[in-house]
Amino acid sequence: MSINVLIVDDSMTIRAMIKKALSLSIPELGEVHEAENGIMALARLTQTSMDLVLTDINMPRMDGVQLIAKMKQIPKLAGIPVVVISTDGSTERIRDLETLGIRGYLHKPFRPEQLKEVLSHILEISHDDQVVQSGNCDF
Amino acid sequence: MTTKSFNLGTAISEVIENLAMMVVQELDENPDGFNPQLMGTIEFTGPVNGKLVVRCSDSFSSVLAGNLLGIDPADQHIQANAWDALEELLNVVCGNLVNVLFDRNKTFRLSSPRIDLIQPLGTNDIDELDQIVYLRLDDEIVEFSLVTKNPG
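Reading the values: the criteria
- Residues numbered from 1 in each chain as written.
- Chains lettered and ligands numbered in written order.
- Predicted model: local features only at pLDDT ≥ 70, side-chain atom pairs only at ≥ 80, totals over all residues.
- Helix = DSSP H or I, 4+ residues; strand = E, 2+ residues; numbered from the N terminus.
- Expected span 1.5 Å × (residues − 1).
- Buried ≥ 20, exposed ≤ 12 C-beta atoms within 10 Å, placed from the backbone.
- Contact = placed C-beta atoms within 7 Å.
- Nonpolar A, V, L, I, M, F, W, Y, C, P; charged D, E, K, R; others polar.
- Core = buried A, V, L, I, M, F, W, Y, C linked by C-beta atoms within 7 Å.
- Pairing = 2+ DSSP bridges.
- Axes fitted to C-alpha atoms, helices over the stretch in contact; angles between N-to-C directions.

(A) Summary view of helix H1 (residues 8–20) of chain B. Residue and element names in this part refer to chain B. The end-to-end C-alpha distance of H1 is 18 Å, a good match for the 18 Å that 13 residues give at a rise of 1.5 Å each. Within H1, the full set of buried residues consists of Leu 8, Ile 12, Ser 13, Val 15, Ile 16, Leu 19 and Ala 20. One or two steps after H1, the chain reaches Met 21, where phi turns positive at roughly 55°.

(B) How the structure looks around the interface of chain A and chain B. The interface of chain A with chain B comprises 18 residues on the first partner and 23 residues on the second. Looking at the side of chain A that touches chain B, the element that brings in the most residues is helix H1 (residues 12–25) of chain A, giving 6 residues. Looking at the side of chain A that touches chain B residue by residue, the classes come out as 6 nonpolar, 7 polar and 5 charged.

(C) Structural view of the nonpolar core. Residues and elements named next belong to chain B. If you look at the biggest cluster of nonpolar residues, it comprises 75 residues, and the most contacted ones within it are Leu 52, Leu 64, Val 93 and Cys 94. In terms of residue count, helix H3 (residues 78–101) provides more of this core than any other element does, 11 residues in total. What Val 93 contacts, discounting residues up to four positions off in sequence, is Ile 12, Val 15, Ile 16 and Leu 52.

(D) Layout of helix H2 (residues 58–69) of chain B. All names here are of chain B. Taking 1.5 Å per residue as the helical rise, H2 with its 12 residues ought to reach 16 Å, and the 17 Å between its terminal C-alpha atoms agrees with that figure. Along H2, the positions that sit buried rather than exposed are Phe 60, Ser 61, Ser 62, Val 63, Leu 64, Ala 65, Gly 66 and Leu 68. In the stretch just after H2, Gly 70 is the one whose phi turns positive, near 70°.

(E) How the structure looks around the sheet that holds strand E1 (residues 3–8) of chain A. Residue and element names in this part refer to chain A. Reading across from one edge, E2-E1-E3-E4-E5 is the order of the 5 strands in this open sheet, with parallel pairing throughout. Because the sheet does not close on itself, it has two edges, and the strands there are strand E2 (29–35) and strand E5 (104–107). Direction aside, neighbouring strands of the sheet carry axes that sit 20° apart on average. Sheet topology places E1 next to E2; 5 bridges connect them, and they run parallel. Residue pairing in the sheet places Val 8 in a bridge with Ala 35 of E2. Docked against the sheet, helix H3 (residues 64–73) engages E1, strand E3 (52–55) and strand E4 (82–86), running at close to 175° with respect to E4.

Dropping the structure here:
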């Protein structure tokens, strides 16, 4: 089974870095799609079936928190595992993201092996149970 | 709220070393021959408001993009990523700094980073210039300055 991933970040440099790290982290990596903000991400998610979303928080037009909240309101998207990759590592932010049901958090800057560690656990769980429970975070 | 006792150079160096895998050396003073062409700015709001400013050469942005992307700085695709790489450097450095320096528990909002061709660092809107540091990153010299204002 190939795994389709959506990378959401307003920096093309970061998207390229994450894409490279993904290729080292997921042997069954399928299509990798990119979006510059939450609005573009939602459009892509409604068009293409995704198995994982990696998103930044601080983005123009629609930020990562708004994107995750929107996804939870749409039944078709609510079960897609979301991992946040952001510079914002405050305890206040992490607590808010936990409430939204994200599955993992990576603090920038991160190493490829850290991404691999987070994803291996999430994808293993997803294979066993396709319905990801809200609030089941992998911190 | 006051800035915690800190070494700005050390805090920035740690982030850059982890992000871009560059060798970082903090310089004692404004180095002779420092001739930046680019200036980047990112503003932050939260328990403390302010901005982080970086000044550097154009070639540094290409070297940075090459390091981040793992490709030769002379590669034809570098130029398209050079300013974007510098913006992301500011974003990551500032995002880490505000929590380390001011309040790890609180959320800060960061503006979109902005890169421009160089202009003298204005002082009209600066309440307090906390610190300027000069770093040697590989063979390039980069200046970072932190400015804080009273909370809005």
